[in-house]
Amino acid sequence: MILKDALSSCQSRVNSFLSDYMKNLPEVSPVLREAMTYGVLLGGKRVRPFLVYTTAELLGGDLKVADAPAAAIECIHAYSLIHDDLPAMDNDELRRGHPTVHVKFGEAQAILAGDALQSQAYEILAHAEMPENLLKNQVKMLAVLSSGAGYQGMCGGQEIDLDSEGRLVSQEELEKLHRHKTGALIESAVHLGTLCVPDVPVSVRAALMEYSRAIGLAFQVWDDVLDIISDTETLGKPQGSDIAENKSTYPRLMGLENAKKYASDLADRAVAVLEAVPGDASLLKLFARYIVERDH
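Rules used in this analysis
Numbers given to residues run from 1 along each chain, matching the order in which its sequence is written. With the structure being a predicted model, the display of local features is reserved for residues of pLDDT at least 70 and the display and counting of side-chain atom pairs for 80 or more, all residues being used for whole-chain, interface and lining totals. To obtain the side-chain values, all non-hydrogen atoms of the structure were used and water was disregarded. Each helix corresponds to a stretch of at least 4 residues labelled H or I by DSSP, and each strand to a stretch of at least 2 residues labelled E; elements are numbered beginning at the N terminus. Residue count minus one, scaled by 1.5 Å, sets the expected span of a helix. Note on classification: 1.4 Å probe, protein chains only; a residue is buried when its accessible area is under 20% of the maximum for its type, exposed when over 50%, partly exposed between these limits. Between two residues, a contact is recorded if the distance between any of their heavy atoms is within 4.5 Å. In this text, buried Ala, Val, Leu, Ile, Met, Phe, Trp, Tyr and Cys residues form a nonpolar core when linked through side-chain atoms within 4.5 Å. An axis is simply a line fitted to the C-alpha atoms; with a helix, the fit covers only the stretch in contact. Between two such axes, the angle follows the N-to-C directions and lies from 0 to 180 degrees. Oblique is the label for any angle not under 35 degrees, not over 145, and not in the 65 to 115 range, which are roughly parallel, roughly antiparallel and roughly perpendicular in turn. Think of it as three bins: nonpolar holds Ala, Val, Leu, Ile, Met, Phe, Trp, Tyr, Cys and Pro, charged holds Asp, Glu, Lys and Arg, and polar takes everything else, Gly as well.

Enquirer: Pulling in residues and values, what's your account of helix H10 (residues 183–194)?
Expert: Here H10 is 12 residues long and its end C-alpha atoms lie 17 Å apart, about the 16 Å a rise of 1.5 Å per residue gives. The complete set of buried residues in H10 reads Gly183, Ala184, Leu185, Ile186, Glu187, Ser188, Ala189, Val190, Leu192, Gly193 and Thr194. Buried residues along H10 sit in contact with helix H3 (47–58), helix H4 (63–84), helix H7 (135–149), helix H8 (154–164), helix H9 (171–181) and helix H11 (202–229).

Here it is, written out as structure tokens:
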């Protein structure tokens, strides 16, 4: 229950921030703003903002400082989903149980909404008011977010994913794909959380980054499992889409039961490395287990 409450609190906090931000945008293009708002506030677990907030709080940071990086990384995630659903990419018509942005607003508006949300992420972060002792970290936050979202992170992983369709890749190739496509933003979220406090010991940051790499991979392995064992209504998107698109997945590569075990082992690894982090890391530990027990 403690994790459920924490996730709910983070969802409410970042949703409130994003809702207020969208409402206060100037009247440039109401239709585009509506599409952006729909895309970023459509729902979702808010995993990445949760990791920003929880990491910052674990290290003694102020949640008000964490608001901007939490909202920024969710804008990046929302833009990636909007573009991922486009006909040129995964061609999905359902996201979180609702019509995707291009289905509701049109393909051109979806492209623009994704573009604008990507830019908005950096706008939120660059314009955020930070304490003087965090100004250097604010610049680092921009670098972390851009690296995690771009060629060296999510976008690079998406291209590897497209290139891998229709063929069975090795586990090493699959992990490279998902370390970039899914893991990079999850790692960035934890990294952003560490930058919400002025000085984090190198050993503590290293442990938290190792944690983020383990949960990032576990998250994707379990998503592959859910594509087989769950259903469209629970997932909020078409079940079986990976199989339909002939994608390489962990169950396809190693079998369903072995994939489940691999995800669980990754979660165990994530929990173990947190022993090197001072303070109460119980929420992060619970979250690692939640990743491989969730139904959507």
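After that view, the rundown keeps rolling.
Enquirer: With reference to specific residues and values, describe the environment of proline 26.
Expert: Looking at the secondary structure, you find proline 26 in the loop between helix H1 (2–23) and helix H2 (30–40). The spatial distance from the C-alpha of proline 26 to the C-alpha of histidine 127 is 16 Å, given a sequence separation of 101 residues.

Enquirer: Kindly report on the nonpolar core, identifying the contributing residues and their values.
Expert: Formed by 94 residues in total, the largest nonpolar core has its most connected members in Leu51, Tyr211, Ile215 and Phe287. Among the elements that line this core, the one with the most residues is H11, at 14 residues. The residues touching isoleucine 215, leaving out its near neighbours within four places in the chain, are Leu51, Ile186, Ala270, Phe287, Ala288 and Ile291.

Enquirer: Describe the packing of H1 against H2, with residues and values.
Expert: To describe two helices that pack against each other, one gives the angle between their axes and the distance between the axes. Direction vectors running N to C along H1 and H2 enclose 175 degrees, while the axes themselves pass 10 Å from each other. Classed by the angle they form, the pair H1 and H2 counts as roughly antiparallel. Residues Leu18, Met22 and Lys23 of H1 form the contact with H2, whose own contacting residues are Arg33, Met36, Thr37 and Val40. Across the contact of H1 with H2, the residue classes break down as 4 nonpolar, 1 polar and 2 charged.

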